[in-house]
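What the coordinates show
For reference, the chains in residue letters:
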Amino acid sequence: MLSPNSTFYPRPLGVTPAASLPQSPSAPLETSRQLVASDERDAPYFRSLEEVGIRLNGPQISAVRHGKGPLLTLAGAGCGKTTVLAARAGYLMEVSGAHAGSILLVTFTNKAATEMKDRIASLPGIRPAAARAVQARTFHSFALTLLRHYGVQEEIFGESRAQHTVLKMLLRQNGMSEAFQPESLLAMLSAWKMQGSETSDLPEKSQEERDAKRVLLGYEAWKRDRNKMDFDDILLRAAALLRDPAVLGPLQQRFQYIMVDEFQDTNSLQYEIVQKLAAAHRNLMVVGDDDQTIYTFNGARQESILEFDKVYPGARIVTLDINYRSDARILGLGSELVARNKRRRDKRLRAAGHRGDAPRFATPSNTEEEAAWVVNQLCQQVEEGLHTYRDIAILHRTASSSRAIFEQLVLKDVPFVQHGASPVFYDQSLIRPLMDHMRLSLNPRAVDALPSALGPLYVSRDAGLEWIQRSEEQQAKKYPLIHLAKWDKLKPFQQEQVKERIKLIKSLTKLKPVIAIQEMRRQFYDKYMESGDPSIFTHYKETMLETLDEFEAAAKKFETVEEFIQFADELSRRHREMESLRRSQDSDAVQLMTIHRAKGLEFPCVYWIGASEGIVPHSTALRQDIPEDQKAALTVQQTDAELDMALEEERRLAYVAITRAKQYLYITSPASHHGKPADVSRFLLEAFGMEVPDKRKNREESQTGNHAPYGSGSSNWKGNGNTNGKANSNESRTRNGNAAYARSGSRLQGRDAVSPVQRGADQRSAIRQSDRRDFEVLDERDEDRLSERRGSGVIRNHTAFSTTGVNQAASSSNSSGSQSSGTERTETVAIWKCSSSTCKAWLRQKPDGPSAKVSKKAASGPPACPLCSGTMEAGTRKVPVTGRFGR
């Protein structure tokens, strides 16, 4: 199937050739034709289904025949749950004599509800009127219909951008513009409401909680005053309405048979609604798969399935375990992978799908190479007639991880549809301000780029642009931003900040793009984007920092800012052309989407990219701190349990990615991610029978940095800096026929702590006296000790280099509020420092042991300065003790 020069192999990197590929057993061939005898009472119904091509297997027949009482139907991936739900609705009407209007079928999406109605309408013997009478609805549709029936007329306020705008306004009114992100506040509020709790009951133990509650109560008042409600309000108010017996009683009497699709995705509030409706008769059938619970961040509760028979004693349990979708080897890989989870109902799927090809694996050196390999491979498949573009899906973990593949698809004119993300990475709201600063460095009078520069200066965009425009009419300037330095509405320190920002903009054209980005992040952007208490680690912050890291990775391949901007603009232009063409022709196209969006879908050929540690499993599952805006959705509050739950959800996510594939599955695991080494995902290695040690960071390690990732590339990593692990990794890669490897080398990777944002005068002072510190150019070993410390409140400042006039500050001079600053131990280490008096660059020498003596000049001489290209000379420097190079 694959060309001799293919980059894909039969096993993941690190798996020995002796390891066998997991394979699911074949399913029995018997269907209702053999399993339902002609003399049985319901035989005519099953014969009629067979006539239209619906031949149910044994477990499906058992679920369809279920009459009264609770039923848990465990529906494995690709096991025909939609067919079962529709067939049971038909069975209730045609065989059991149930009235169509007494059947309520609840699901999660309008698309799924419409499909269910269509399936029921297409069943033999079902009259169109009866099909319409069956209530197939989403949770929100059912709840909204109930509210409207009882006179609730509020307008739906569901557009997220409008919600963010309102929250930003409220934050500004409360003097907290930089204290919170709207996304985090809304996520916290939604998780709180989906537990069935009111906004007035939000916690207020800390000052931050009190501030957040004040803003969110203002948000609720804003909606109330304007007669609006959001989607969470719909469910919350419907649940409250159902607590009235006068409302609940008639509904219980009407809906005698209740079926819930995708039950694993229900949150507490949705489950409460279902339980109330079914309380009188207990005729509740739920269909779901605990192995596909991947929405806990939205409040989904795996316990709904795991504890169903405890909530409903005597409930029947039927397992749909015959998979009609995937090749037995694809299914075997997914089944073996997810079987490592402990919190699940035991089940092993059997294969009945069409035969395809065994899964293939690759380990490109980085995401750029990964994208090139994948796009070349799929283009070759299309050229050879193996697939059409529409047969192919590319699945990725997060929105930012699709950047490289997006660029390859556009640049190679491959038609594709991107689901659920902004069209071009460089046009995202988070990235655009940095791009526009670089555009202004090339053309200071670029009108379209000016608005993005105002926000990071803490200047109102509309008012600031109006002042600049009026000032330009009186006297045009080369740098229109300079007009803000004379605006009387700005404080003196803000006016001075404008001048400093213009100096920075002028300097950007002289830098490589990646250095320009790092310097903007160091000087102002990370501090501008980060807000609130940095000791609280939230999902939004993690996503933001991950996107900015990906931005840096994208910029590394360009030598000049001008080249980088031209590339981004050309990418946007070509993508607009492709979008226009695709809309007019509805052309054959590759599907590009996150794994979350792919749930419930299937494709003949799937490329799962980013199957590496830190991506899947995501870095948030590999540390002690769980995001605050996700904690409310978790039911077990013990730290270890939270971490285990997070890792198991990542494993379920990998299972969902694998089981989207029908005949062909290609999995890529880049050997580096954002410039740091990345092992092949532990999930893949475990599926091949390898025991992978769990070395996730505990809290103490995350604070001290004493952590080395597991895997062939680092399993022999020692505190003295030996690189035996790398040798083993290279050897392993050669054994697998894959020459790709993440090269070691020094990186510009400074890390600083960002102080909590203070309010009022303290905040203005913090802006005026920004935390500007000396940088250090770190080698790859130092990178490991200083990376990923956001959970402990240390936000990466990405110090790329130091400019003239930057004050050197010892660690002891940091905020006196830090406990560690006064007691932090230091050691003297050997460094290379730039000999230029105007350049502050320094590079840590590779130590020979725990001592901190200056090492002798290397045979090849000292390295060139990575900033000014000048000569470097040997020296020493005091640094915090890391526990890796000595005490």
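Look up: the structure comes first, before these words.
My aim in this report is to walk through the structure given alongside it, one point at a time. These numbers were taken from a predicted model, which means no experiment stands behind them.

Moving on, we come to the packing of aromatic side chains. Throughout the structure, instances matching the rule amount to 24 aromatic pairs. Taken together, a centroid distance of 5.2 Å and an interplanar angle of 55 degrees make the contact between Phe 108 and Phe 139 tilted. With a gap of 31 residues between them, Phe 108 in the loop between β2 (103-107) and α5 (110-121) and Phe 139 in helix α7 (residues 139-149) connect regions that are remote in the sequence. For Phe 108, a relative accessible area of 28% translates into the label partly exposed. Between Phe 263 and Tyr 271, the ring centres sit 5.2 Å apart and the planes meet at 85 degrees, which makes this aromatic pair edge-to-face. Just as Phe 263 is buried, Tyr 271 falls in that class too. Just above the ring of Phe 524 sits the side chain of Arg 501; from NZ or CZ to the centre is 3.8 Å. If you follow Lys 506 out to its NZ or CZ, it ends over the ring of Tyr 479, 5.0 Å from the centre.

Considering all chains together, one arrives at 56 salt bridges under this definition. Residues participating in the shared-partner salt-bridge network are Asp 289, Asp 290, Asp 291, Arg 344, Asp 346 and Lys 347.

Here we take up the sheet that holds strand β1 (residues 71-75). The sheet built from six strands is open, its strands ordered β3-β2-β6-β7-β1-β8 with parallel pairing. Strands with a single pairing partner mark the edges of an open sheet, and in this sheet they are β3 (135-138) and β8 (316-320). Pairs of neighbouring strands in the sheet enclose a mean axial angle of 15 degrees, with direction left out of account. By the bridge criterion, four bridges tie β2 to strand β6 (residues 257-260) in an arrangement that is parallel. Paired with Ile 103 across the two strands is Tyr 257, which belongs to β6. Strands β1, β7 (284-288) and β8 of the sheet are contacted by helix α3 (residues 58-65), whose axis makes an angle of about 145 degrees with β8.

A word on the nonpolar core. Among the nonpolar cores identified, the biggest contains 86 residues, and Ile 120, Trp 608 and Ile 667 are the most heavily contacted of them. Residue contacts for Trp 608: discarding those within four places in its chain leaves Leu 395, Ile 595, Val 616, Ala 654, Ala 657, Ile 658, Tyr 666, Ile 667, Thr 668 and Leu 684.

Time to look at helix α4 (residues 81-94). The first and last C-alpha atoms of α4 sit 20 Å apart over 14 residues, in line with the 20 Å expected at 1.5 Å per residue. Counting buried residues along α4, twelve of its 14 residues qualify, which places the element largely inside the surrounding structure.

In space, the six strands of this open sheet follow the order β11-β16-β15-β12-β14-β13, with parallel pairing throughout. Taken across any chain shown, the strands that pair with only one partner, and hence form the sheet edges, are β11 (360-362) and β13 (416-418). Averaged over neighbouring strand pairs, the angle between their axes works out to 20 degrees when direction is ignored. Relative to strand β14 (residues 590-594), β13 runs parallel, the two sharing three bridges. If you follow Phe 416 over to β14, its bridge partner there is Val 590. The sheet strands contacting helix α16 (residues 328-338) are β11 and β16 (661-668), and the helix crosses β16 at an angle near 55 degrees.

Taking 1.5 Å per residue as the helical rise, helix α8 (residues 160-173) with its 14 residues ought to reach 20 Å, and the 20 Å between its terminal C-alpha atoms agrees with that figure. The N-capping residue of α8, defined by a side-chain oxygen 2.9 Å from the backbone nitrogen of Ala 162, is Glu 159.

Looking now at the pairing of strand β12 (residues 392-396). Among the five residues in β12, five count as buried, and that is most of the element. Bridge count for β12 against strand β15 (residues 603-608) is four bridges, and the pairing is parallel. Among the inter-strand pairings, Ile 394 is bridged to a residue of β15, identified as Tyr 607. In terms of strand pairing, β12 meets β14 through four bridges, oriented parallel. Bridge assignment links His 396 to a residue of β14, and that residue is Thr 594.

Each value, and the rule that gives it
- Residues numbered from 1 in each chain as written.
- Predicted model: local features only at pLDDT ≥ 70, side-chain atom pairs only at ≥ 80, totals over all residues.
- Heavy atoms only, no water.
- Phe/Tyr/Trp six-rings, centres within 6.5 Å; stacked < 30°, edge-to-face > 60°.
- Helix = DSSP H or I, 4+ residues; strand = E, 2+ residues; numbered from the N terminus.
- Buried < 20%, exposed > 50% of the residue type's maximum accessible area, 1.4 Å probe, protein only.
- Lys NZ or Arg CZ within 6 Å of the ring centre and 35° of its normal.
- Salt bridge = Lys/Arg side-chain N within 4 Å of Asp/Glu carboxyl O.
- Pairing = 2+ DSSP bridges.
- Axes fitted to C-alpha atoms, helices over the stretch in contact; angles between N-to-C directions.
- Contact = heavy atoms within 4.5 Å.
- Core = buried A, V, L, I, M, F, W, Y, C linked by side-chain atoms within 4.5 Å.
- Expected span 1.5 Å × (residues − 1).
- Polar contact = N/O pair within 3.5 Å; in protein donor to acceptor, adjacent residues only side chain to side chain.

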